[in-house]
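# Examining the three-dimensional arrangement
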Amino acid sequence: MKRLMLFATLALSLSSCTIVIQDFDMVTEVRPAKIKVWYCPSDQKSYDFSFQTSGTISSYEAILMPANSKPNPNTALGSLEIFLKDASAGTFKNTVTLGQDQVGMQKLNIVVRPLDHDYELYVRTMGSGSSKYSDFYGAAEYIQDCR
């Protein structure tokens, strides 16, 4: 506060000046968006998912939860945590499987949106330069994928 008052006093003493104050410790939360999930009705143990980020992330985590339950990594039925070699932005695709951590197939064959499903998929991200994850965000859409 004293520093800010000093800047204000200095600004008033000059005929024209611009002051820029930046907080380098503050990292904007980068959250996953447009999360989509694909699953096969005959093999509902494996869920392919993709999501987009507008900002740069260093890692992300996806978890499968029973339908209508809150996201909790400690009680997840399946989970996947990816640490990127280099911080990146864009679209990320992976597979999470019930009962184990797995990096797997990528499917993009959209057939039909199912009427209901047994599980919910949530994703959270860690922004580049941050040391904590964002909140979990649920998938906006489930799409049936006939493998």
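Position labels on residues start from 1 in each chain and follow its written sequence. Whole-chain, interface and lining totals are the exception, using all residues; otherwise, since this is a predicted model, local features are given only for residues with pLDDT of at least 70 and side-chain atom pairs are given and counted only at 80 or more. Only heavy atoms go into the side-chain values, all of them from the structure, while hydrogens and water stay out.

### A closer look at the overall build of the protein
For the protein, the helix and strand inventory stands at one helix and six strands. Strands here are runs of E lasting at least two residues and helices are runs of H or I lasting at least four, both read from the DSSP assignment and numbered beginning at the N terminus. Reading the secondary structure of the protein in the N-to-C direction produces α-β-β-β-β-β-β. Think of it in three bands: residues with accessible area under 20% of the maximum for their type are buried, residues over 50% are exposed, and the middle band is partly exposed, with areas taken using a 1.4 Å probe on protein chains only. Buried positions account for 33% of the 147 residues belonging to the protein. A separation threshold of at least 6 residues defines the contact pool for the protein, and within that pool the share at least 24 residues apart is 62%. Accessible surface, the protein as shown: approximately 9,500 Å² in total, 51% of it carbon and sulfur. Residue contacts follow a heavy-atom distance rule, with two residues in contact if any of their heavy atoms lie within 4.5 Å. In this description, accessible areas are obtained by the Shrake-Rupley approach with a 1.4 Å probe, and a residue is regarded as covered only by the protein chains that are shown.

### As for the pattern of salt bridges
Note on definitions: salt bridges are taken to be side-chain nitrogens of Lys or Arg within 4 Å of carboxyl oxygens of Asp or Glu. Tallied over the full model, the rule gives one salt bridge. Here R124 makes a salt bridge to E61, at a shortest N to O gap of 2.7 Å. Linking R124 in strand β4 (residues 119-127) with E61 in strand β2 (residues 43-66), this pair joins segments that are 63 residues apart in sequence. Each member of the pair, R124 together with E61, is buried.

### Concerning the environment of R124
Note on R124: relative accessible area 18%, which makes it buried. Here R124 is in contact with P32, Y60, E61, P73, Y133, S134, D135 and F136, once residues within four sequence places are set aside. Two N or O atoms count as a polar contact when they lie within 3.5 Å, although within protein this holds only if one can serve as hydrogen donor and the other as acceptor, and sequence-adjacent residues are included solely when both atoms are side-chain atoms. Among the polar contacts listed, one links the side chain of R124 to the side chain of E61, at a separation of 2.7 Å.

### Quick notes on the packing of aromatic side chains
A ring pair, where both rings are aromatic, is described by two values, the distance of the centres and the angle of the planes. Note on aromatic contacts: the rings of Phe and Tyr and the six-membered ring of Trp form a pair at centre separations within 6.5 Å, being stacked when their planes are under 30 degrees apart, edge-to-face when over 60 apart, and tilted otherwise. A full pass over the atoms with the stated rule returns six aromatic pairs. Consider the rings of F49 and F51, whose centres lie 6.4 Å apart with planes at 10 degrees: the pair is stacked. For the pair F49 and F51, one class covers both residues: buried. When the ring of F51 is compared with that of Y60, the centres are 5.0 Å apart and the planes differ by 75 degrees; the resulting orientation is edge-to-face. Here F51 and Y60 have matching classes, each one buried. In our convention, an over-ring charge means Lys NZ or Arg CZ found within 6 Å of a ring centre and within 35 degrees of that ring's normal. Its guanidinium or amino end placed over the ring of Y137, R31 lies 4.2 Å from that ring's centre, counting from NZ or CZ.

### Thoughts on unusual backbone geometry
The backbone of K34 sits at a positive phi, close to 55 degrees, despite the residue not being glycine. Within the fold, K34 resides in strand β1 (residues 33-40). Residue class for K34 comes out exposed when judged on its relative accessible area of 62%. A positive phi angle, close to 65 degrees, is found at N68, a residue other than glycine. In this fold, N68 is placed in the loop between β2 and β3 (78-97).

### What to know about the side chain of D48
If you trace the backbone, D48 turns up in strand β2. Residue classification places D48 among the buried positions, given a relative accessible area of 2%. Of note is the side chain of D48, whose polar atom sits 2.6 Å from the side chain of T95.

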